[in-house]
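Tertiary structure, described
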Amino acid sequence: MNRIVPSRALLFVALALVAPASATRAQIVASEAASLHQSVSGTDFELLYSRPSLRGRTTIFGGIHPIGESWTGGANDATELRISNDVTMGGVTVPAGAYSVWFDVVEGDAWRMMLHEDTAMFHAPHPPIDEAQILVPVSRETGSEVVETLSWTFENLTWNGATLALAWGTERLRVEVEVDLGITLALSEEEAGRYVGEWRIDDSMSRMSAEQAEEMLADPDASDALRDYARAMRDVPTERVVRIVQDPESGWLFRTDPRFAEVWAAFMMTDPTDERFDLLVRRGDGFFHTAQGVGGELRSYYPDFMSMAEFRFDDDGRAISFEVRNPDDEVTMTGVRVGG
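First, a word on scope: everything that follows refers to the structure included in this document.

Rules behind the numbers
Residues numbered from 1 in each chain as written. Predicted model: local features only at pLDDT ≥ 70, side-chain atom pairs only at ≥ 80, totals over all residues. Heavy atoms only, no water. Helix = DSSP H or I, 4+ residues; strand = E, 2+ residues; numbered from the N terminus. Buried < 20%, exposed > 50% of the residue type's maximum accessible area, 1.4 Å probe, protein only. Contact = heavy atoms within 4.5 Å. Areas by Shrake-Rupley, 256 points an atom, 1.4 Å probe, with all protein chains shown as cover. Core = buried A, V, L, I, M, F, W, Y, C linked by side-chain atoms within 4.5 Å. Salt bridge = Lys/Arg side-chain N within 4 Å of Asp/Glu carboxyl O. Pairing = 2+ DSSP bridges. Axes fitted to C-alpha atoms, helices over the stretch in contact; angles between N-to-C directions. Parallel < 35°, antiparallel > 145°, perpendicular 65-115°, else oblique. Left-handed = near helix turned anticlockwise from the far one by under 90°. Nonpolar A, V, L, I, M, F, W, Y, C, P; charged D, E, K, R; others polar. Expected span 1.5 Å × (residues − 1). Arc of directions from axis to C-beta. Polar contact = N/O pair within 3.5 Å; in protein donor to acceptor, adjacent residues only side chain to side chain.

Turning next to the overall build of the protein chain. A tally of regular secondary structure across the protein chain gives six helices and 18 strands. Residues counted as buried form 40% of the 340 residues belonging to the protein chain. Restricting the contact set of the protein chain to residue pairs at least 6 apart, pairs at least 24 apart contribute 53%. Accessible area for the protein chain stands at about 19,000 Å²; split by element, carbon and sulfur atoms hold 50% of it.

Here it is in structure tokens:
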């Protein structure tokens, strides 16, 4: 009986066909792919890049990469930046969209970041500077520590911006980013003057009653923080005088309420010496959202969940009273001008 003996070539092909899928996916890459995602007050940033390492090399610009050629801030495919809304980068308006990212590598520190509409480019050849759709100034510094593998980060996050930063070796490249919330924070001195002064407010309709506070204080299972909160709610009068003032530098209009700061500190478990304020965000003539701030910084602003203050005016256009309503249209505070 004749036997068919498979050749070595056929055996190799057969084994390859039945080999586990995981074996065919294994690969070693010199510069691994990475991604970075950051949201800033509703604007999403996404950075797609690859991360080269020094591997004993010391000089990056003028060594690994030549002076005078643009560089993508990564490896392999060009680094890509995706932005969901129009923003400002380094003082330059950047429309929403996707861009490949390049740096204009020059002697000294007067660098620029190039944003190119072609996101499908490889990291070489390098596009010339005059092909950039947008040019953004870059801060270049020397770091005190050596970063072995290139890394992009978002630093110094605030309510309206952040710093987009790259670190590799001792090189540090940074670009300041600002987002537009679509709201008016700064008012003219004349406009703010219609509201500035002392106001007697009443928030009894939205506050915990003294009886409720006493019940909470008597609860043996209540935490110390909850007891502090109940005590502050009991002791701070529902009728009190607050001030509406304007910050001369920022132009912000805000309401200060030193007595209620005790309640805020107890509720948030923060330092009671950190001054709490309600920033008045103009939404129309005489209409303001109240956003929360502490220590001179805006902490939160959620338009769909914010209370709205509506002011009433005298014949000269000066605000004389207001009501604050929550999103359910329930009155939570009233105010009458008493001075200023």
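Having seen the model, we can carry on.
Bringing the nonpolar core into the picture now. Ranked by internal contacts, the top residues of the largest apolar core, which has 35 residues, are W71, M89, F103, M113, L115 and W152. Where this core is concerned, the elements lending two or more residues are β1 (32-40), β2 (43-51), β3 (80-83), β4 (87-89), β6 (97-103), β7 (111-116), β8 (134-158) and β9 (161-179). For this core, the leading source of residues is β9, giving eight residues. Every residue in contact with M89, bar those within four places of it in the chain, is listed here: L81, I83, V94, M113, L115, V136, L164, V175, E176 and V177. One finds L187, I244, L280 and A319 within the second-largest nonpolar core, a separate group that totals 16 residues.

Here the focus is the pattern of salt bridges. When the charged atoms of two side chains with opposite charge come close together, those side chains can pair. In the structure shown here, the tally under the stated rule is 20 salt bridges. A salt bridge links R112 to D104, with the shortest nitrogen-to-oxygen separation between them at 3.2 Å. By relative accessible area, which is 33% here, R112 ends up partly exposed. The closest approach of N and O atoms between R325 and D329, which form a salt bridge, is 3.8 Å.

We now examine the pairing of strand β16 (residues 308-313). Bridge analysis of β16 against strand β17 (residues 319-325) gives six bridges, and the strand direction is antiparallel. Note on β17: the bridge partner recorded for A309 is V324.

Further remarks concern the sheet that holds β1. One open sheet accounts for nine strands, arranged β1-β2-β3-β6-β7-β8-β9-β4-β5; its pairing is antiparallel. One side of each edge strand has no neighbouring strand; the edge strands of this open sheet are β1 and β5 (92-94). Each adjacent strand pair in this sheet contributes to an overall mean axis angle of 35°, direction not counted. Summarising the sheet, β7 and β8 pair through five bridges and their orientation is antiparallel. Its bridge partner lying in β8, W111 is registered against V138.

Now for the packing of helix α4 (residues 210-218) against helix α5 (residues 224-235). Running from amino to carboxyl end, α4 crosses α5 at an angle of 155°, the nearest separation of the two axes being 9 Å. As the angle between them shows, α4 and α5 are arranged roughly antiparallel. Where α4 crosses over α5, the two elements pack in a sense that is left-handed. Residues A213, E214, M216 and L217 of α4 lie in contact with α5, whose contacting residues are L226, R227, A230, R231 and R234. Tallied by class, residues from the contact of α4 with α5 come to five nonpolar, no polar and four charged.

Within β9, 15 of the 19 residues are buried, which leaves it mostly tucked inside the rest of the structure. In this sheet, β9 lies alongside β4 in antiparallel orientation, the contact comprising three bridges. Along β9, the bridge assignment pairs V87 with V179. Looking at chain direction, β8 and β9 are connected through 11 bridges and run antiparallel. By the bridge assignment for β9, S139 is matched with R174.

With that settled, the discussion passes to α5. The α-helix advances 3.6 residues per turn, and as a result positions three or four apart in sequence lie on the same side. The terminal C-alpha atoms of α5, which comprises 12 residues, lie 16 Å apart, in line with the 16 Å expected from a rise of 1.5 Å per residue. The set of residues buried in α5 consists of Y229, A230, A232 and M233. Summarising the axial view, the buried residues of α5 lie within an arc of 160°, below the 170-degree limit, and thus occupy one face.

With a phi close to 50°, S41 is a non-glycine residue in the positive phi region. By the secondary structure assignment, S41 is in the loop between β1 and β2. What makes S41 partly exposed here is its relative accessible area of 43%. The residue D329 is not glycine, and still its phi comes out positive at about 65°. Within the fold, D329 resides in the loop between β17 and β18 (331-339). For D329, a relative accessible area of 52% corresponds to the exposed category.

Turning our attention to the environment of S41. Each C-alpha atom, one on S41 and one on V179, is 7.6 Å from the other, the two residues being 138 residues apart in sequence. When sequence neighbours within four positions are dropped, the list of residues in contact with S41 reads W159, N160, V179 and L181. Here the side chain of S41 touches W159 through a polar contact of 2.3 Å, landing on its backbone oxygen.

Let's shift gears to the side chain of H289. If you trace the backbone, H289 turns up in strand β14 (residues 287-294). Once you skip the residues sitting within four places of it in the chain, H289 turns out to touch L279, L280, V281, R283, Y301, P303, M306, S307 and M308.

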